[in-house]
Amino acid sequence: MRNGIHIGKQVDTLAIAASGDDIRRATEWLTTTLRQRDVPDPQVERLELALHEVLANVLAHGGSAACAEPIRIRIEVRGNATTGEARIKVSDAGIPFDPTGAPEHTPAKTLAEAKPGGLGLPLIRHCSDWMRYRREGRRNHFMFGARWPKL
Amino acid sequence: MSISHTDVGDLRKIVILGRLDVSGTGSVANELEKLAAGPTKGVVVDLSSLKFLASLGIRALIKSAQVVEDRGGRMVLFVGTNAQVVMSLEATGIDELIPMFKNNAEAERAAVA
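Quick caveat: nothing in here was measured; it's all calculated off a predicted structure.

Calculation criteria
Residues numbered from 1 in each chain as written. Chains lettered and ligands numbered in written order. Predicted model: local features only at pLDDT ≥ 70, side-chain atom pairs only at ≥ 80, totals over all residues. Helix = DSSP H or I, 4+ residues; strand = E, 2+ residues; numbered from the N terminus. Rg over C-alpha atoms; globule rule 2.2 N^0.38 Å. Buried ≥ 20, exposed ≤ 12 C-beta atoms within 10 Å, placed from the backbone. Contact = placed C-beta atoms within 7 Å. pLDDT = per-residue confidence, 0-100. Nonpolar A, V, L, I, M, F, W, Y, C, P; charged D, E, K, R; others polar. Axes fitted to C-alpha atoms, helices over the stretch in contact; angles between N-to-C directions. Left-handed = near helix turned anticlockwise from the far one by under 90°. Pairing = 2+ DSSP bridges. Core = buried A, V, L, I, M, F, W, Y, C linked by C-beta atoms within 7 Å.

(A) The overall build of chain B, seen in detail. When you go through chain B residue by residue, the secondary structure sums to 4 helices and 6 strands. Listing the helices and strands of chain B from first to last along the sequence gives β-β-α-β-β-α-β-α-β-α. In terms of overall dimensions, chain B is globule-like: its C-alpha atoms have a radius of gyration of 12 Å, near the 13 Å expected for 113 residues. Each principal axis of the C-alpha distribution contributes one length, and for chain B these read about 30 × 25 × 20 Å. Burial status across chain B gives 50% buried among its 113 residues. In chain B, once contacts between residues fewer than 6 apart in sequence are set aside, the share between residues at least 24 apart is 72%.

Here is the structure:
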């Protein structure tokens, strides 16, 4: 109890390798876990896409160190009488990278000008209500989440 | 993942099913680009039953749309009521570059206009 309001918290964890098949396994695990925790579908869909893009970035840009050690994922779902929140933490041993400090994506004005890459971070930003990053030891710790009102 | 197509007159309709994610995009991206390079003027890519659209999938759509534009055609997207696909397209601003339709008949008309 905090200030007379019950704070519930449920935690799940998963470790995966940096591979396409394991990224799919992780997103499917996230979706199943969040639905079991009664997270509303729109938030589940947003967080599934955000997690996919975070892991795809690790796979593409994390370097050999990211592939040598497991990527750890932690889901925490918490809430009180009026608000729910899902917090996702991704920890990897790849090259240091702070997504919260990366420059904003500038959309192309025409199809001919469009560059096919660089769309992962805009998706992560769009799909998250908040993001945090810290480097601790040899690992990146990236956290993001979504909130929703309870009816 | 699966990708299939039908040609009717000046229109090629490409249907993609499954998940356009890290695992699934590689298997259809080359085929999509080849189909986009085909002889028809207009191309409709049907994403209405796609389960997941990640940045790699959007990259494949951009490259294919550029292939169509380079040969003087037009590629549009049919999304139906697929809210998750719409979210991915709007979040990246790609719906401003590749026209997106909820109605199939409107998509087909726009592709050959």
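Having seen the structure, we can now continue with the description.
(B) Molecular detail of the confidence of the model for chain A. Residue-level pLDDT values for chain A average 92, and 95% of them are 70 or greater. In the predicted structure, residues 1-5 of chain A sits below a pLDDT of 50 and forms 4 contacts with residues beyond four places in sequence or in another chain.

(C) Just the interface of chain A and chain B, in detail. Taken together, the contact pairs 22 residues of chain A with 22 residues of chain B. Contributing elements (two or more residues each) for the side of chain A that touches chain B: helix 1 (20-36), helix 2 (41-61) and helix 4 (120-127) of chain A. The dominant element in the side of chain A that touches chain B, judged by the number of residues it contributes, is helix 2 of chain A, at 6 residues. Residue composition of the side of chain A that touches chain B, by class: 13 nonpolar, 5 polar and 4 charged.

(D) Quick look at the confidence of the model for chain B. Residues and elements named next belong to chain B. Averaged over every residue, the pLDDT of chain B is 95; the share at 70 or more is 100%. The least confident element of chain B, judged by mean pLDDT, is helix 1 (residues 25-36) at 92; the most confident is strand 6 (residues 100-101) at 98. Model confidence for the complex is summarised by a pTM of 0.92, with the ipTM given as 0.91.

(E) How the structure looks around the packing of helix 2 of chain A against helix 4 of chain A. Residues and elements named next belong to chain A. Helix 4 packs onto helix 2 with a crossing angle of 145 degrees between their chain directions and a minimal axis gap of 8 Å. When the axes of helix 2 and helix 4 are compared, the crossing they make is left-handed. Along the contact surface, helix 2 presents Arg46, Leu47, Leu49, Ala50, Glu53, Val54, Ala56 and Asn57, while helix 4 presents Gly120, Leu123, Ile124 and Cys127. A breakdown of the residues in the contact of helix 2 with helix 4 according to their chemical character gives 8 nonpolar, 2 polar and 2 charged.

(F) Examining the sheet that holds strand 2 (residues 71-79) of chain A more closely. Residues and elements named next belong to chain A. Across the sheet, 5 strands lie side by side as 1-2-3-5-4; this open sheet has antiparallel pairing. Two strands in the sheet have a free side with no partner beyond their single neighbour: strand 1 (8-16) and strand 4 (130-136). Recorded for the sheet is a direction-independent mean angle of 15 degrees between the axes of neighbouring strands. Lying over the sheet, helix 1 contacts strand 1, strand 2 and strand 3 (83-92), oriented at roughly 165 degrees with respect to strand 1. Against the sheet, helix 2 makes contact with strand 2, strand 3 and strand 5 (139-149), and its axis sits at roughly 10 degrees relative to strand 3, the strand it touches most.

(G) Focus on the nonpolar core. Residues Leu47, Ala50 and Leu55 of chain A together with Val45, Leu47 and Ile98 of chain B are the most contacted members of the largest nonpolar core, which totals 73 residues. At 10 residues, helix 2 of chain A tops the list of elements feeding residues into this core. Beyond its immediate chain neighbours, meaning those up to four positions away, Ile98 of chain B contacts Leu111 of chain A together with Leu61, Ala65, Met75, Val76 and Leu77 of chain B.

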